[in-house]
Amino acid sequence: MTHIPYGGEALQSRQKIQWSVKLWDENDEEGQISTASFEMGLLKESDWKATWITGDYKVDRKKRYPVDCFRKKFLAENIRSARLYVTACGLYEGRINGAKVGTYVLMPGHTNYKKRVQYQTYDVTALLEPGENELTFQLADGWYRGSCGANALKNQYGTETKLLAQLEITDSQGRITRICTDGTWDWSNDGPIRFADNKDGEVYDANAVPSYSGKAKETVNPIVPVASNNVPVEEHETWSSALLTTPSGKHVLDFHQNIAGYLSFRVNAKRGQKIMLRFGEMLDENGEFTQKNIQITKKKCTTPLQQVVYTCKDGLNEYKTRFAIFGFQYVEVTMDGELFPEDFTAIAVYSSMERTGWVETSNKLLNRFLESTVWSTKNNHADLPTDCPTRERHGWAGDSGGGGAGQRPGCLL
């Protein structure tokens, strides 16, 4: 018998559940008991003690803004466990004492924010230290306020990005201390990410450090957050590259695989030197880097740009894109100083789906086609099935033709 409904008492917020399963085979042979566990999240609106916060500025819907930076310092002692519940209208990245919270990217994911906002739960016990701690967040436009669709529509779900976070620390005596977003949090938007957009990329100044000189502004959201119920978007395969020089003398990195993701690099440089990265899927008929196959130009607006503009600091510069992913195999690099391809790594980013099937035949071309369909599936799942990782970045489950990184007619599994 399978699909047995749960018939016990109603489960409660934060409750830890352990359950066991025993199976019998077709010969009625009894198997061993398997045991697993899970922990309930925040089920009721009253569980949320945190307040939605946003940056302290008046939004002009025609303008784009730097990434918001929020900070809260607090004391913790006799730490037994800690859970961080967090969501946003926009995209967030959290850090505790400088260490990234969790392995997820592009959180809280893509939903119709006017109807559904998902939160994530993180076990952050290992990130806390006895004494003073620091919890920080960066908040970007994401799908909520950034450019979406083939024509790069902005403000599709709202104009005011906002953050909701609740850290619950349980001490050795069972007492719970809550660190909640509210108007006491420090805020500024003078950090290194000067611009972030799903489609257009990032502008990053390594010399900028958040001042946190202002305070967050409290705001409201009528939607009660619900727990995320899908697999997370995470980093996966990585690639090194071959350096190509095009007929016109441009430098292009070829990563040999069309992916959805971004780059990381480690470069020694001088303050003020520039690195310009442009991401694309192909070379044109003349062997030159091109984005024409993915771009739309209307009324002097070209989208997507798929680029990173990086301003260096003195010494070692380490960078990885946080709030954008691109569809690409090739990256055109324009930089002050010498280019070493080993300094750059491509990282695939997609929903962490479990692969359950493999097919291998005696026909090499057919095998390659089958592998391309797998990569098409990976490249076109960023929290939900997408039309492509280049142009629209929107949910799409009825594609008649397709496009983007690896997606062609008949390529979705």
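Right above here is the structure, for reference.
Please read these numbers as outputs of a predicted model, since none were measured by experiment.

**Re empty space enclosed by the protein**
- Enumeration over the complete set of coordinates arrives at 2 cavities of 30 Å³ or more.
- A volume near 120 Å³ is recorded for the largest cavity.
- Around the largest cavity sit 16 residues that line it, and Trp 143, Ile 325, Ala 382, Pro 389 and Arg 393 are the ones nearest its centre.
- Counting only elements with at least two residues in the lining of the largest cavity, the list comes to β29 (344-351) and α2 (364-379).
- Here the residues of the lining of the largest cavity sort into 10 nonpolar, 4 polar and 2 charged.
- By volume, the second largest cavity amounts to about 30 Å³.
- What lines the second largest cavity is Val 59, Asp 60, Arg 61, Lys 63, Arg 64, Tyr 65, Arg 145, Lys 154 and Asn 155.
- Partitioning the lining of the second largest cavity into residue classes produces 2 nonpolar, 1 polar and 6 charged.

**Details of α2**
- The end-to-end C-alpha distance of α2 is 22 Å, a good match for the 22 Å that 16 residues give at a rise of 1.5 Å each.
- For α2, the full list of buried residues reads Thr 373, Val 374, Trp 375, Ser 376, Thr 377, Lys 378 and Asn 379.
- Packed against the buried residues of α2 are β18 (233-239), β20 (251-269) and β29.
- For α2, the N-terminal capping position is held by Asn 363, with its side-chain oxygen 2.9 Å away from the main-chain nitrogen of Leu 365.

**Things to note about the pairing of strand β10 (residues 162-171)**
- Burial runs high along β10: 10 of the 10 residues are buried.
- Of the two faces of β10, the one lined by Lys 162, Leu 164, Gln 166, Glu 168 and Thr 170 and the one lined by Leu 163, Ala 165, Leu 167, Ile 169 and Asp 171 are each fully buried.
- Pairing of strand β5 (residues 79-89) with β10, which is carried by 10 bridges, proceeds in the antiparallel orientation. Within β10, the residue paired with Cys 89 across the bridge is Lys 162.
- Two successive antiparallel strands, β10 and strand β11 (residues 176-180), enclose a turn made up of 4 residues, where Gly 174 displays a positive phi of approximately 90 degrees.

**A short note on the pattern of salt bridges**
- Applying the stated criterion to the full structure yields 20 salt bridges.
- Across the salt bridge formed by Arg 322 and Glu 93, the nearest N and O atoms sit 2.8 Å from each other. Taken as a pair, Arg 322 in the loop between β27 (315-320) and β28 (326-335) and Glu 93 in strand β6 (residues 91-96) lie far apart in primary sequence, 229 residues in all.
- Classification of Glu 93 by relative accessible area gives buried; the value is 10%.
- Ionic pairing is found between Asp 171 and Arg 175, a salt bridge with its closest N-O pair at 3.0 Å.

**Describing a negative patch on the surface**
- Together, Asp 25, Glu 26, Asp 28 and Glu 29 make up a region of like negative charge exposed at the surface.
- Along the chain, Glu 26 turns up in the loop between β1 (16-21) and β2 (34-39).
- Judged by relative accessible area, Glu 26 falls into the exposed class, the value being 71%.

**Overview of the packing of aromatic side chains**
- If you walk through the whole model with that rule in mind, you get 20 aromatic pairs.
- Each ring, one from Tyr 113 and one from Tyr 157, has its centre 5.2 Å from the other, and the planes form 70 degrees; the classification is edge-to-face. Of this pair, Tyr 113 sits in the loop between β7 (99-100) and β8 (118-123) while Tyr 157 sits in the loop between α1 (142-145) and β10, and the two are 44 residues apart along the sequence. Across the pair, Tyr 157 and Tyr 113 agree in class, each one buried.
- With 4.2 Å between their ring centres and 25 degrees between their planes, Phe 279 and Phe 326 make a pair best called stacked. Of this pair, Phe 279 sits in strand β21 (residues 274-280) while Phe 326 sits in strand β28, placing them 47 residues apart in sequence. In this pair, the class of Phe 279 matches that of Phe 326, namely buried.
- An aromatic cluster of at least three residues, connected via ring pairs, comprises Tyr 204, Phe 265, Tyr 310, Tyr 319 and Phe 344.

How each quantity is defined
- Residues numbered from 1 in each chain as written.
- Predicted model: local features only at pLDDT ≥ 70, side-chain atom pairs only at ≥ 80, totals over all residues.
- Heavy atoms only, no water.
- 1 Å grid on protein atoms, 1.4 Å probe; cavity = no way out; pocket = protein on both sides within 12 Å on 5 of 7 lines; lining within 4 Å.
- Points joined across faces, edges and corners; volume = space filled by probe spheres on them.
- Helix = DSSP H or I, 4+ residues; strand = E, 2+ residues; numbered from the N terminus.
- Nonpolar A, V, L, I, M, F, W, Y, C, P; charged D, E, K, R; others polar.
- Expected span 1.5 Å × (residues − 1).
- Buried < 20%, exposed > 50% of the residue type's maximum accessible area, 1.4 Å probe, protein only.
- Contact = heavy atoms within 4.5 Å.
- Polar contact = N/O pair within 3.5 Å; in protein donor to acceptor, adjacent residues only side chain to side chain.
- Pairing = 2+ DSSP bridges.
- Salt bridge = Lys/Arg side-chain N within 4 Å of Asp/Glu carboxyl O.
- Patch = residues over 30% accessible without salt bridge, like charges linked within 9 Å, V, L, I, M, F, W, Y side chains within 5 Å.
- Areas by Shrake-Rupley, 256 points an atom, 1.4 Å probe, with all protein chains shown as cover.
- Lys, Arg positive; Asp, Glu negative; His and termini not counted.
- Charge placed at Lys NZ, Arg CZ, Asp CG, Glu CD.
- Phe/Tyr/Trp six-rings, centres within 6.5 Å; stacked < 30°, edge-to-face > 60°.

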